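This is what each chain is made of:
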Amino acid sequence: MARRSDEPNPEEGKVLSPEELDIADDEHVTEIDEGRYVVSSDVRTDDSYGNHVSSDSASESPPSPAPNPEPSTPEFSDANVHEWLAEQMADSNARYGFDVTAKFDGDVDQQQLASNDIVTVFESFMLWYGRQMDGSTPVEEVLGILLSESNVPVRYPPAVIKQLVRSTQLTPDDSIADLLEAVEAADGAEL
C-alpha cells in the first residue's frame, strides 16, 4: 500500500517541539560550554542472562584522557623579547631593517621596516621619528632642528651644496653673504 504524501514517514521520526528540545534540565545531559552539551544515553537493557546492564558510555569505555592543559604563557623578559625580535629580523629576506619601540611624551609607538634599500630604511625611520616629535612642525624642520642641535657633525656631499645654491637662483658672481641671505629669506634650505 502506498503512503500518502501528507502522512509522516515512520522512519524519519516525529518532529520535536522547542520544549521537547530543551535538554538543559535532563539528567543525562551535561553542559560543557555555552550551547555545547554531552548527552549520555544511560539506557538500561537486559543481557543474555536477564541482568540489567547500563549502556552509559562513561562506564563502558575507558576514562577519556584529561583535556590538554592550556599552554602556559611564556615568561617575557627583556632578553627573550629582544632575542625574538632579532630572530624575526634575521629571518627576513631584506638586507636592512629596524624594529623600534619608543616613548614620546608618555605615548608609546612602534615602528618596523625591512627593505633591501638602505636609504628607504633610514628615511622611513627618520620620518617616523620626526613625526613623533611635534605634530604641528613640519617633519623636515623637526629633523633639521634635531640634527643641528645634536653633537653629531654632519658632512654633506658637494652635490648637496650645489643643489642648495641652484635652489636659490644665485649665480657664481653672488657672494656667500647673498647665499646666506637667500637661505634666510626662504626660512631655511632643503638639503
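Above this text sits the structure in question.
Residues numbered from 1 in each chain as written. Predicted model: local features only at pLDDT ≥ 70, side-chain atom pairs only at ≥ 80, totals over all residues. Heavy atoms only, no water.

Engineer: Got a minute to help me understand the overall build of the protein chain in this structure?
Structural biologist: Secondary structure summary: the protein chain contains seven helices and six strands in total. Element order for the protein chain, N to C, with α for helix and β for strand: α-β-β-β-β-α-α-β-β-α-α-α-α. Relative to its 191 residues, the protein chain shows a buried fraction of 10%. When the accessible surface of the protein chain is summed, it comes to about 16600 Å², and 52% of that surface belongs to carbon and sulfur atoms. (Helix = DSSP H or I, 4+ residues; strand = E, 2+ residues; numbered from the N terminus. Buried < 20%, exposed > 50% of the residue type's maximum accessible area, 1.4 Å probe, protein only. Areas by Shrake-Rupley, 256 points an atom, 1.4 Å probe, with all protein chains shown as cover.)

Engineer: Can you walk me through the pairing of strand β6 (residues 107-115) in this structure?
Structural biologist: Side-chain direction in a regular strand flips from residue to residue, so the side chains alternate between the two faces of the sheet. Here strand β5 (residues 96-104) pairs with β6 via nine bridges, running antiparallel. Residue pairing across strands places Thr101 opposite Gln110, the latter belonging to β6. Remark: two residues form the turn of the hairpin made by β5 and β6, two consecutive strands paired antiparallel; Asp105 in that turn has positive phi of roughly 50°. (Pairing = 2+ DSSP bridges.)

Engineer: Is there a simple way to think about helix α5 (residues 139-149) in this case?
Structural biologist: Within α5, the full set of buried residues consists of Val139, Val142 and Leu143. Down the axis of α5, the buried set is contained in an arc of 95°. They therefore lie on one face. Along α5, exposed side chains directed more than 90 degrees from the buried face belong to Glu140, Ser148 and Glu149. The inward-facing, buried residues of α5 contact α4 (118-133). (Arc of directions from axis to C-beta. Contact = heavy atoms within 4.5 Å.)

Engineer: Please explain the environment of Leu113 as it appears in this structure.
Structural biologist: For Leu113, the position within the fold is in strand β6. Residues Leu113 and Asp99, 14 residues apart in the sequence, show an inter-C-alpha distance of 6.6 Å. Leave out the neighbours within four places in its chain, and Leu113 touches Met89, Tyr96, Gly97, Phe98, Thr120, Val121 and Ser124.

Engineer: Please explain helix α7 (residues 176-185) as it appears in this structure.
Structural biologist: Residues three or four positions apart in an α-helix share a direction because the helix packs 3.6 residues into each turn. α7 sits mainly on the outside: one of its ten residues count as buried. At the N-terminal end of α7, a side-chain oxygen is found 3.3 Å from the backbone nitrogen of Ala177, two or three residues along, and the residue is Ser175. Of the residues trailing α7, Asp187 is marked for its positive phi of about 60°. (Polar contact = N/O pair within 3.5 Å; in protein donor to acceptor, adjacent residues only side chain to side chain.)

Engineer: Even after reading the chapter, I still don't get a nonpolar patch on the surface, so can you show me in this structure?
Structural biologist: A cluster of nonpolar side chains, Leu147, Val154, Tyr156 and Ile161, forms an exposed patch at the surface whose accessible area comes to about 330 Å². As for its placement among the helices and strands, Val154 is situated in the loop between α5 and α6 (158-167). Taking the relative accessible area as the measure of exposure, Val154 reaches 36% and is therefore partly exposed. (Patch = residues over 30% accessible without salt bridge, like charges linked within 9 Å, V, L, I, M, F, W, Y side chains within 5 Å. Salt bridge = Lys/Arg side-chain N within 4 Å of Asp/Glu carboxyl O.)

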